[in-house]
Amino acid sequence: MWKGRFKEETAALLQRYSESVSFDWRLWRHDIEGSIAHSAALEKAGLLTGAERESIVQGLREIGAEIEAGKFPFRQELEDIHMNIESELTRRIGSAGGKLHTARSRNDQVALDLRLYLREECGQIVGLLRGLQRALVGFGRRSGQTVIPGYTHLQRAQPVYFVHHLLAYVEMLERDAGRVADCRSRMNVCPLGSGAIAGSTIVLDRELVAGLLGFDGVTQNSMDAVSDRDFAVELLSALALVAVHLSRLSEDVILWASSEFQFVTIGDAFTTGSSLMPQKKNPDVAELTRGKAGRVIGSLMSLLTTLKGLPMTYNRDMQEDKEPVFDAVDTVKAALEIFAAMVEEMSVRSDACARAVSDPNLLATDLADELVNRGVPFRSAHEVVGRAVALCGERGCELTGLSVADYQRLSPAFGDDVLSVLDLERSMAARKSIGAPAPGNVAAQLERWETRLSEA
Ligand code: ARG
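These notes cover the structure that comes with them.

Calculation notes
Residues numbered from 1 in each chain as written. Predicted model: local features only at pLDDT ≥ 70, side-chain atom pairs only at ≥ 80, totals over all residues. Heavy atoms only, no water. Helix = DSSP H or I, 4+ residues; strand = E, 2+ residues; numbered from the N terminus. Rg over C-alpha atoms; globule rule 2.2 N^0.38 Å. Buried < 20%, exposed > 50% of the residue type's maximum accessible area, 1.4 Å probe, protein only. Contact = heavy atoms within 4.5 Å. 1 Å grid on protein atoms, 1.4 Å probe; cavity = no way out; pocket = protein on both sides within 12 Å on 5 of 7 lines; lining within 4 Å. Points joined across faces, edges and corners; volume = space filled by probe spheres on them. Nonpolar A, V, L, I, M, F, W, Y, C, P; charged D, E, K, R; others polar. Polar contact = N/O pair within 3.5 Å; in protein donor to acceptor, adjacent residues only side chain to side chain. Phe/Tyr/Trp six-rings, centres within 6.5 Å; stacked < 30°, edge-to-face > 60°. Salt bridge = Lys/Arg side-chain N within 4 Å of Asp/Glu carboxyl O. Core = buried A, V, L, I, M, F, W, Y, C linked by side-chain atoms within 4.5 Å. Near = heavy atom within 4 Å. Areas by Shrake-Rupley, 256 points an atom, 1.4 Å probe, with all protein chains shown as cover. Expected span 1.5 Å × (residues − 1). Arc of directions from axis to C-beta.

**Things to note about the overall build of the protein chain**
Thought 1: Counting secondary structure elements, the protein chain contains 19 helices and six strands.
Thought 2: Since a compact globule built from 456 residues should have a radius of gyration of about 23 Å, the 30 Å found for the protein chain marks it as more spread out than a globular shape.
Thought 3: Out of the 456 residues in the protein chain, the part that is buried amounts to 49%.
Thought 4: Across the protein chain, the fraction of contacts at a sequence separation of at least 24, relative to all contacts at a separation of at least 6, is 76%.

Structure below.
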C-alpha cells in the first residue's frame, strides 16, 4: 500500500510483529459499513461515478459475505483488517477500488471502526445487565419473606430480607447500565473525514457520512479525532466496575453456598464436582467471575498505560488498544450471561437462613433504639446495651436470656415489655425509613423493579 517510497520489502519478522489482522478482523463489519458510507460522500463530491460506487458497494458486500462464511483469505502481510479489505476490493473491481481511500486515512478509519464496534457492544452489554437484573429480581421474588443476617465486616449486623440484599445488586447494575449508556452517547460522533491528522484538501460531506452511519454528529477537531481513545477508556472503566460488582456478588454467592452459611443452593448445572473429593459441589461460576474481574481491571490499566505519554496524534502504540478492549468486552458479556443463567437456577434455603437470623444479637441496636424512644441519649443507650451483651457473655446466654429485671438494672428506662423488642417481625416492621427493609418498603421496591425491567 505504500510501495512508492520503499525499495525493499518489509522484513517477515516485522510483518509478524506489526500485524493486527489476527485480532482486528473482528472489525470487518464496521469497516465495510464505514467504507460504504464513505463512498457515498465520494460520489456526492463527484470523485466516484454512480457505477463506480455501485461496484465498490457490491464488492464490499461480497467480501463481507465471505468473511462471515469464514472463507476470506486474510493476509498477514497486509497488516490489518482495513488493508485486507481494501486490497481485496481493488483486486476484484479494479481501479474504482483504488479510489475508495481518497480523503481517508487508516487513522480516522480505525477510530471510526472502533466507535462503531463499541457502540454496538454498548447496546448488548446494557441488554445483558438488564438480564442479570431480571434474574436477581426473579430470585428475590422466589425468596419470599426469607430474612437473613445483614453483615458488616462480615460480622452479623442487622436483619434484612434476602430480597433486599439482592436488590442492592440490582441498584448497582442499574448504575452500570447508566454508565454504559452514557459513554455510548459520548462516543456516538463520527471521526471519519479527519484523515491522518489534518483532514484533507479534498472536502467531503462529513455530515452525510455521519447521518448514514447513525451518528449524532461529527468530531470537531481532526487531531483529537484520530488520537482520541477516551471512549474506549470510558467503556473499559465502566466494564471494570461491572466486573467489580460481579466479583462482589460472586463472593456473596460463594459464602452463601458454603456449608458454613448454607443460605442458597446453586443448581447442579452451574456447579462442578471435584475429581478427588466426592462430596464437593463447587461454585465455579462465581469463582471464575471473581477471578475474571482482575482481567478486566487489567485491560483498563493496559489501555490507560498505552495512552499515557503518547504525543499527538496517532501513534502505532494505539494498535495495542484492541486486544484489551475486545477481551474486556468479551469477558464481561460472558460473565453477565452465565451469571443470569446461574441465578435463575439458585434457590434460597430458608431453614438455614432462619437459623442464622434467630441470633438475638442482630437486634441489639433495636434495644438501644428502644431506650432512645424512652428519652435516653443514643450514646448512653449504646453503652447500656453493650453492657447487656457483655453480661450475656459472662453468663453464656443470649440477649433473650436476660430477665426484665436484668435489663432494668442496666437501665431503669427499660419498660416491663423490654423483651418484646427482641422480636424479629417487630424489628423488620419498624424499619420504615426510605430505603430500609420494612416489609412494605421491600415489597414496593420489588414491584418497582419488576415493572421497570419488564418495560426495559
Ligand atoms: N492497525 C492500525 C491500528 O489498529 C490501524 C491504523 C494504522 N495507521 C497507521 N498510520 N499505521 O491502530
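**Brief notes about the layout of surface pockets**
Thought 1: Put simply, the largest pocket is a space of about 680 Å³.
Thought 2: Lining the largest pocket are 28 residues, and of these Tyr-151, Val-160, His-164, His-165 and Ala-168 lie nearest its centre.
Thought 3: It is helix α8 (residues 162–187) that provides the largest number of residues to the lining of the largest pocket, a total of seven residues.
Thought 4: Residue composition of the lining of the largest pocket, by class: 15 nonpolar, eight polar and five charged.
Thought 5: Each pocket or cavity is described by its volume, and for the second largest pocket that value is around 570 Å³.
Thought 6: Lining the second largest pocket are 18 residues, with Met-1, Trp-2, Glu-9, Thr-10 and Glu-77 sitting closest to its centre.
Thought 7: Residue composition of the lining of the second largest pocket, by class: six nonpolar, four polar and eight charged.

**Side note on the side chain of Glu-79**
Thought 1: Summarising the element assignment, Glu-79 is placed in the loop between α4 (50–68) and α5 (81–93).
Thought 2: Assessed through its relative accessible area of 8%, Glu-79 is described here as buried.
Thought 3: Engagement of the side chain of Glu-79 in a polar contact is seen with the side chain of Arg-106, the distance being 2.9 Å.
Thought 4: With sequence-adjacent residues up to four places away left out, Glu-79 is seen in contact with Trp-2, Ser-18, Glu-19, Ser-20, Val-21, Asn-84, Arg-106 and Arg-316.

**With respect to the packing of aromatic side chains**
Here a ring pair, both rings aromatic, is described through the centre-centre distance and the interplanar angle of the planes.
Thought 1: Going through the model one piece at a time under the given rule, you end up with eight aromatic pairs.
Thought 2: With a centroid separation of 5.2 Å and an interplanar angle of 90°, the aromatic rings of Tyr-117 and Phe-326 are classed as edge-to-face. Of this pair, Tyr-117 sits in helix α7 (residues 106–142) while Phe-326 is found in helix α13 (residues 322–344), placing the two residues 209 residues apart along the sequence.
Thought 3: Note on Phe-326: relative accessible area 4%, which makes it buried.
Thought 4: Note on Phe-162 and Trp-256: the rings are 4.9 Å apart at their centroids and 50° apart in plane angle, and the pair reads as tilted. Note that Phe-162 is positioned in helix α8 and Trp-256 in helix α11 (residues 230–257), a separation of 94 residues in sequence. The pair Phe-162 / Trp-256 is uniform in exposure class, with both members buried.

**A look at the pattern of salt bridges**
Thought 1: The final tally for this structure, using the stated rule, is 34 salt bridges.
Thought 2: With its nearest N and O atoms 2.7 Å apart, the salt bridge here joins Asp-80 to Arg-106. On the criterion of sequence distance, the pair formed by Asp-80 in the loop between α4 and α5 and Arg-106 in helix α7 is long-range, its members being 26 residues apart.
Thought 3: Residue Asp-80 is classed as buried on the basis of its relative accessible area, which comes to 4%.
Thought 4: With a relative accessible area of 24%, Arg-106 lands in the partly exposed category.
Thought 5: Across the pair Arg-91 and Glu-88 runs a salt bridge whose closest N-O atoms are separated by 2.8 Å. One end of the pair, Arg-91, and the other, Glu-88, are both in helix α5, three residues apart, so they sit about a helical turn from each other.
Thought 6: Residue Glu-88 is classed as buried on the basis of its relative accessible area of 10%.
Thought 7: One network of salt bridges, in which partners are shared, links Glu-62, Glu-66, Glu-88, Arg-91 and Arg-92.

**Considering the nonpolar core**
Thought 1: Leu-118, Leu-132, Leu-136, Leu-239 and Phe-339 are the most contacted members of the largest nonpolar core, which has 110 residues in total.
Thought 2: Among the elements that line this core, the one with the most residues is α11, at 16 residues.
Thought 3: If we ignore the near neighbours within four places in the chain, the residues touching Phe-339 are Leu-132, Leu-246, Leu-249, Ser-250, Val-253, Val-285, Ala-286 and Thr-289.
Thought 4: Membership of the second largest hydrophobic core comes to 20 residues, among which are Leu-367, Cys-392, Phe-414 and Val-421.

**Regarding the site of the ligand**
Thought 1: Around the ligand sit Ser-20, Asp-80, His-82, Arg-106, Asn-107, Val-110, Tyr-314, Gln-319 and Lys-322, and that is every residue in its neighbourhood.
Thought 2: Note that a nitrogen atom of the ligand is positioned 3.4 Å from one of the side-chain N or O atoms of Arg-106.
Thought 3: Gln-319 places a polar side-chain atom, nitrogen or oxygen, 2.9 Å from a nitrogen atom of the ligand.
Thought 4: For the ligand, the accessible surface in isolation is 340 Å², of which the surrounding protein chains cover 87%.
Thought 5: Ranked by the residues each element gives to the shell around the ligand, the list is headed by α7, at three residues.
Thought 6: In terms of residue class, the shell around the ligand is made up of two nonpolar, four polar and three charged.

**Considering α4**
Thought 1: With 19 residues, α4 extends 27 Å between its outermost C-alpha atoms, agreeing within 8% with the 27 Å of an ideal straight helix rising 1.5 Å per residue.
Thought 2: Every buried residue belonging to α4 is among Glu-52, Arg-53, Ile-56, Val-57, Gly-59, Leu-60, Ile-63, Gly-64 and Ile-67, and all of these are buried. All buried residues of α4 project into a common sector of 165° when viewed along the axis, lining one side. Along α4, exposed side chains directed more than 90 degrees from the buried face belong to Ala-51, Glu-54 and Arg-61.

Bear in mind that shape data such as this cannot, by itself, settle questions of function.
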